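Here are the chains, one letter per residue:
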Number of protein chains: 2
Amino acid sequence: MAQLHTQPYDIERASFEIIARELGDRELDPLQAPIIKRVIHTTADFSFADSLVFTKGAVERAWDALRRGATILTDTNMARSGISRPALAALGCTCACYMADEDVAERAREQGTTRAFASMDKACGIAGPLIIAVGNAPTALLRLCELMDEGRISPDLVIGVPVGFVNVVEAKEEVLARSVPAIVARGRKGGSTVAAAIVNALLYQLTRDES
Amino acid sequence: MAQLHTQPYDIERASFEIIARELGDRELDPLQAPIIKRVIHTTADFSFADSLVFTKGAVERAWDALRRGATILTDTNMARSGISRPALAALGCTCACYMADEDVAERAREQGTTRAFASMDKACGIAGPLIIAVGNAPTALLRLCELMDEGRISPDLVIGVPVGFVNVVEAKEEVLARSVPAIVARGRKGGSTVAAAIVNALLYQLTRDES
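Residues numbered from 1 in each chain as written. Chains lettered and ligands numbered in written order. Predicted model: local features only at pLDDT ≥ 70, side-chain atom pairs only at ≥ 80, totals over all residues. Heavy atoms only, no water.

*Asks:* Account for the sheet that holds strand 1 (residues 52-54) of chain B, naming residues and giving values.
*Replies:* Residues and elements named next belong to chain B. Spatial ordering of the open sheet is given by 1-6-5-4-2-3, a layout of six strands whose pairing is mixed. Both outer strands of the open sheet, strand 1 and strand 3 (94-97), are each paired with one neighbouring strand and no more. Taking each pair of neighbouring strands and ignoring which way they run, the sheet shows an average axis angle of 15°. Here four bridges tie strand 2 (residues 71-74) to strand 4 (residues 130-134), and the two strands are oriented parallel to one another. Residue pairing in the sheet places Thr 74 in a bridge with Ala 133 of strand 4. Packing of helix 4 (residues 58-67) onto the sheet brings it into contact with strand 1, strand 2, strand 4, strand 5 (157-160) and strand 6 (182-185), and relative to strand 4 it is tilted by some 120°. Its contacts with the sheet place helix 11 (residues 192-207) against strand 1, strand 2, strand 4, strand 5 and strand 6, and it is angled at close to 140° to strand 5. (Pairing = 2+ DSSP bridges. Helix = DSSP H or I, 4+ residues; strand = E, 2+ residues; numbered from the N terminus. Axes fitted to C-alpha atoms, helices over the stretch in contact; angles between N-to-C directions. Contact = heavy atoms within 4.5 Å.)

*Asks:* Any details on the packing of helix 8 (residues 115-123) of chain B against helix 9 (residues 138-149) of chain B? Residues and values, ideally.
*Replies:* Residues and elements named next belong to chain B. For the pair helix 8 and helix 9, interaxial distance at closest approach is 8 Å and the crossing angle is 35°. Considering how the two elements wind past one another, helix 8 and helix 9 form a crossing that is right-handed. The residues of helix 9 that touch helix 8, namely those facing Ala 116, Phe 117, Met 120 and Asp 121, are Thr 139, Ala 140, Arg 143, Leu 144, Glu 146 and Leu 147. (Left-handed = near helix turned anticlockwise from the far one by under 90°.)

*Asks:* Any details on helix 7 (residues 102-111) of chain B? Residues and values, ideally.
*Replies:* All names here are of chain B. Of all the residues in helix 7, the buried ones are Val 104, Ala 105 and Ala 108. On an axial view of helix 7, the arc spanned by its buried residues comes to 100°, and they lie on one face. In helix 7, the exposed positions angled more than 90 degrees off the buried face are occupied by Glu 102, Arg 109 and Glu 110. Its buried side turned inward, helix 7 meets helix 8. (Buried < 20%, exposed > 50% of the residue type's maximum accessible area, 1.4 Å probe, protein only. Arc of directions from axis to C-beta.)

*Asks:* How would you sum up the relation of the copies chain A and chain B? Please name residues and give values.
*Replies:* With an RMSD of 0.0 Å, chain A superimposes on chain B once it is rotated by 180° and translated 0.0 Å along the axis. Here the two chains are linked by the operation of a two-fold rotation axis. Within chain A, Met 78 of chain A has its C-alpha nearest the rotation axis, a separation of 2.5 Å. Both copies present the same face, since 100% of the interface residues in chain A are matched by interface residues at the equivalent positions in chain B. (Least-squares fit on C-alpha atoms with pLDDT ≥ 70 in both.)

*Asks:* Provide a residue-level description of the interface of chain A and chain B, including the pertinent values.
*Replies:* If you look at the interface, chain A gives 48 residues, while chain B gives 48 residues. For the chain A and chain B pair, buried surface summed over both sides reaches about 3700 Å², with 66% attributable to carbon and sulfur atoms. Linking chain A to chain B there are four salt bridges. Between Asp 45 of chain A and Lys 189 of chain B there is a salt bridge whose closest N-O contact spans 4.0 Å. Across the chain A-chain B interface, the total number found is two residue pairs in polar contact (both at pLDDT 80 or more). Only helix 1 (8-23), helix 2 (33-43), helix 5 (77-82), helix 9 (138-149) and helix 11 (192-207) of chain A provide two or more residues apiece to the side of chain A that touches chain B. Among the elements that line the side of chain A that touches chain B, the one with the most residues is helix 1 of chain A, at seven residues. Classifying every residue of the side of chain A that touches chain B gives 20 nonpolar, 20 polar and eight charged. (Buried area = accessible area lost by both parts, 1.4 Å probe. Salt bridge = Lys/Arg side-chain N within 4 Å of Asp/Glu carboxyl O. Polar contact = N/O pair within 3.5 Å; in protein donor to acceptor, adjacent residues only side chain to side chain. Nonpolar A, V, L, I, M, F, W, Y, C, P; charged D, E, K, R; others polar.)

Next comes the structure, spelled out in structure tokens:
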């Protein structure tokens, strides 16, 4: 039972070396590469190297928002708890999830929608730079598209990586059909860990010295 | 933008129908099928139908532990926050994660190990039925194997589904080489969402009327 005393950071570095080796001579955009690699690190699934789509300028816009102390809104508490608190603190950013809020539950009941849907309505009240990371609920993405179309919300970045079999593929394409800066995992795959990994990769690029 | 008002439970049912259809006439053990399907539901990754391994009697032993109000210990707060609180409450079970505990951080520093390692040492103090769900840290599984070998801990179930590239494949095989009841995702894949999905599937089989 070797390497029981290996430290997490060493394991992470060794993992990224394996990922780089297995990606081979594939050409990745240098701004996108750390994000793609971190998602593979989180999932051990190399298909994300093909499915992750970045709209033009999305990474730079996200960095700008993070440097200005963005709010990062997630659609699950699971994703929220996967985002690095030290990195958030270093940049003066905050992370929120409205899914367990009583006012959101009440609004969803009243309107016959989902809490994910209602949480996007609540997000319209967030002031300042805003990143919305959806790893679970396609209805959150679909409602977000409606709200953007109505000019009620204008995020600096949408991370659209819900996982699943119903509405998921379509909801991601709806995001990509708009002009909002976006990072999307096309197809069925994604999840709360993927959403958190993308946020962490963006944060680490600004707070760590890593390639 | 269809189905914006579809409720989560309907979406879940439709998703499970798609999963069953795509699994085709594959024969799944009836006790294992709801767990395998929920992991696929969580990941959109059908490879788990091949990689998930159940030791003989593992599901029944887990149910017995849950019916007796088990403690479920996870190796990430992310996995912990993904486990259904209503289902836990219905069975009188509790969920814990020691990774952010100050005594665990201190022990890890003193011993030059990881917090995941130290959190397994702390788990030896848990009384009563115990399920350990590891979705992230192979060192947690390796330390758990040592502690089981020394007779210091005897979980009713080990869920061994860390994800990654270093020590992960080996740590899972170490668990399977022991006599502990186990559900393991062989290979590199897994994660906190997979760990939570397996726990939830076990809980739902006892608290929901689902096939």
